[in-house]
Amino acid sequence: MADRLSGKTALVTAAAQGIGRATALAFAAEGAEVTATDINLDRLEELSGTPGISVRRLDVMDPQAVNSLAAELPPLDVLCNVAGFVHNGTILDCPEEDWDFSFDLNVKSMYRMIRAFLPAMLEGGGGSIINMASVASSLRGLPNRCVYGASKAAVIGLTKSVAADFIKQGIRCNCICPGTIESPSLDDRINAFDDPVAARKAFIARQPIGRLGTPEEIAGMAVYLASDVAAYTTGTAMIVDGGVTL
């Protein structure tokens, strides 16, 4: 077993499935003590027997819950913000309530988490914050991803701001920008089409590399950013997209 994160404490949001789950498992496999959080406690409990992982229900849209957990846990070495939502549609398909929900979950939840956990990280001498962004952001405009792209562009801006403000205090803050990743969330979006088989083929056809990415491939980048190997890396948007932004 590798030990790139041996002795580190980490917290991962949206850890019940997809990228969050793969990241929690990868962190634990690398020796970290991981608090895996999600609102879906039933799915989250599937991780509870994994060495190095403890599970906690957390609604990242509930400021009181976030602050309470931050007060309860020991200082983190790694905070990985994965929770998010993919809205489908143009600006004309996005009423204000959908806009507000997307920004609350995709951006403000990261604001809440960082504000809550950063003070103890600073007291502990530093750490790594990893935010999940997307290639659908300031990196590239994609069809029918209006509010999603806008919110993920904001995540990149938030990441760079935190990195710049706390670089002298031992905090590294980076974000990961995935392309299209195989996940239960993607399956739900594909199955919502009238012809899911054709929809899946269309998703794959848009990938220059010829396939969808895997959660484990994103988790591998998260491990790198969490580890001391990335000690000289901060304020970056790490692209893992199978060539979408080429």
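Above: the structure in question.
Our subject in this report is the structure included herewith. Residue numbers restart at each chain and count upward from 1, following the sequence in its written direction. Residues qualify for local features only when their pLDDT is at least 70, as the model is predicted, and side-chain atom pairs are given and counted only at 80 or more; totals for whole chains, interfaces and linings, by contrast, use all residues. As a convention, hydrogens and water are excluded, and side-chain values are obtained from all of the structure's heavy atoms.

## Some thoughts on the overall build of the protein
Think of it this way: any DSSP run of H or I at least four residues long counts as a helix, any run of E at least two long counts as a strand, and we number them from the N terminus. Regarding its fold elements, the protein presents eight helices and seven strands. Within these notes, the globule rule equals 2.2 Å times the number of residues to the 0.38 power, and the radius of gyration is based on C-alpha atoms. Computed over C-alpha atoms, the radius of gyration of the protein comes to 17 Å, within 12% of the 18 Å expected from 2.2 N^0.38 for 246 residues, which places it in the range of a compact globule. In terms of overall dimensions, the protein has C-alpha extents of about 50 × 35 × 35 Å along its principal axes. Buried means the residue's accessible area, taken with a 1.4 Å probe over protein chains only, is under 20% of the maximum for its type, while exposed means over 50%, and partly exposed covers the values in between. Burial statistics for the protein: of 246 residues in total, 47% are counted as buried. Residue contacts are defined here by distance: any two heavy atoms, one from each residue, within 4.5 Å place the two residues in contact. A separation of at least 24 residues holds for 68% of the contacts in the protein among residues at least 6 apart in sequence. To measure how exposed things are, a 1.4 Å probe is used in the Shrake-Rupley method; for residues, cover is taken only from the protein chains shown. As displayed, the protein has an accessible area near 11,500 Å², and 54% of this comes from carbon and sulfur atoms.

## So, the nonpolar core
For our purposes a nonpolar core is just a set of buried Ala, Val, Leu, Ile, Met, Phe, Trp, Tyr and Cys residues, chained together by side-chain atoms within 4.5 Å. Residues Val12, Phe27, Val34, Ala36, Ile53, Ile130 and Ile176 are the most contacted members of the largest nonpolar core, which totals 33 residues. Excluding residues within four positions of it along the chain, phenylalanine 27 makes contact with Leu5, Ala10, Val12, Ala32, Val34, Val78, Cys80, Ile130, Ala222, Val223 and Ala226. Core analysis: the second largest hydrophobic core is formed by 32 residues, Leu105, Ile129, Ala133 and Ile171 among them.

## Description of the pattern of salt bridges
Salt bridge, as applied in this entry: a Lys or Arg side-chain nitrogen positioned within 4 Å of an Asp or Glu carboxyl oxygen. Applying the stated rule across the entire model yields nine salt bridges. A salt bridge links arginine 21 to glutamate 46, with the nearest nitrogen and oxygen atoms 3.4 Å apart. Taken together, the residues span a long stretch of sequence, with arginine 21 in helix α1 (residues 18–29) and glutamate 46 in the loop between α2 (41–44) and β3 (53–57) at a distance of 25 residues. Judged by relative accessible area, which is 46%, glutamate 46 ranks as partly exposed. Linking glutamate 72 and arginine 56 is a salt bridge whose minimum nitrogen-to-oxygen distance equals 2.7 Å. Taken as a pair, glutamate 72 in helix α3 (residues 63–72) and arginine 56 in strand β3 lie far apart in primary sequence, 16 residues in all.

## A look at the packing of aromatic side chains
Any pair of Phe, Tyr and Trp rings, taking the six-membered ring for Trp, is counted once the centres come within 6.5 Å. Such a pair is stacked with planes under 30 degrees apart, edge-to-face with planes over 60 apart, and tilted for the rest. The full count for this structure, using the stated rule, is three aromatic pairs. A ring pair is formed by phenylalanine 85 and phenylalanine 101, whose centres lie 5.3 Å apart and whose planes are at 80°; its orientation type is edge-to-face. Separated by 16 residues along the polypeptide, phenylalanine 85 in the loop between β4 (78–81) and α4 (96–123) and phenylalanine 101 in helix α4 bring together distant segments of the chain. On the basis of relative accessible area, phenylalanine 101 is assigned to the partly exposed category, the value being 37%. Between tryptophan 99 and phenylalanine 103, the ring centres sit 5.0 Å apart and the planes meet at 25°, which makes this aromatic pair stacked. One end of the pair, tryptophan 99, and the other, phenylalanine 103, are both in helix α4, four residues apart, so they sit about a helical turn from each other.

## A closer look at the packing of α3 against α4
For helices, the fitted line uses only the C-alpha atoms of the stretch in contact; every axis is such a line through C-alpha atoms, and the angle between N-to-C directions lies from 0 to 180 degrees. One can describe the packing of α3 onto α4 by two numbers: an axis separation of 9 Å at closest approach and a directional angle of 30°. When the axis of α3 is compared with that of α4, the two are roughly parallel. Regarding α3 and α4, the two cross each other, and that crossing is right-handed. Contacts from Pro63, Val66, Asn67, Leu69 and Ala70 in α3 reach Arg112, Met113, Ala116 and Phe117 in α4. The cut-offs work like this: below 35 degrees is roughly parallel, past 145 is roughly antiparallel, 65 to 115 is roughly perpendicular, and the gaps in between are oblique. Note on convention: near helix rotated counterclockwise from far helix by under a right angle means a left-handed crossing. Clockwise means right-handed.

## Quick word on the pairing of strand β5 (residues 127–132)
In terms of burial, β5 is a largely internal element, six of the six residues being buried. Of the two faces of β5, both are covered, the one formed by Gly127, Ile129 and Asn131 as well as the one formed by Ser128, Ile130 and Met132. Taking the sense of rotation as the criterion, the β-α-β connection linking β4, α4 and β5 turns out right-handed. For two strands to be treated as a pair, DSSP must find no fewer than two bridges joining them. Where β5 lies against strand β6 (residues 171–178), six bridges are found, and the strand directions are parallel. The residue of β6 that forms the bridge with isoleucine 129 is cysteine 173. Crossovers are marked right-handed if the path from the first strand over the helix to the second runs clockwise, as seen with the strands pointing away from the viewer. A crossover connection joins β5 to the parallel β6 through helix α5 (residues 146–166); in handedness this β-α-β unit is right-handed.

## What to know about the pairing of strand β1 (residues 9–12)
Across four bridges, β1 lies against strand β2 (residues 33–38) in parallel orientation. Each residue of the ladder has a partner; that of leucine 11, found in β2, is threonine 35. Read as a crossover between parallel neighbours, the route from β1 over α1 to β2 is right-handed. Looking at chain direction, β1 and β4 are connected through three bridges and run parallel. Each bridged residue has a counterpart across the sheet, and for valine 12 the counterpart in β4 is cysteine 80.

Interpretation note: all reported values are geometric properties and have no functional meaning in isolation.
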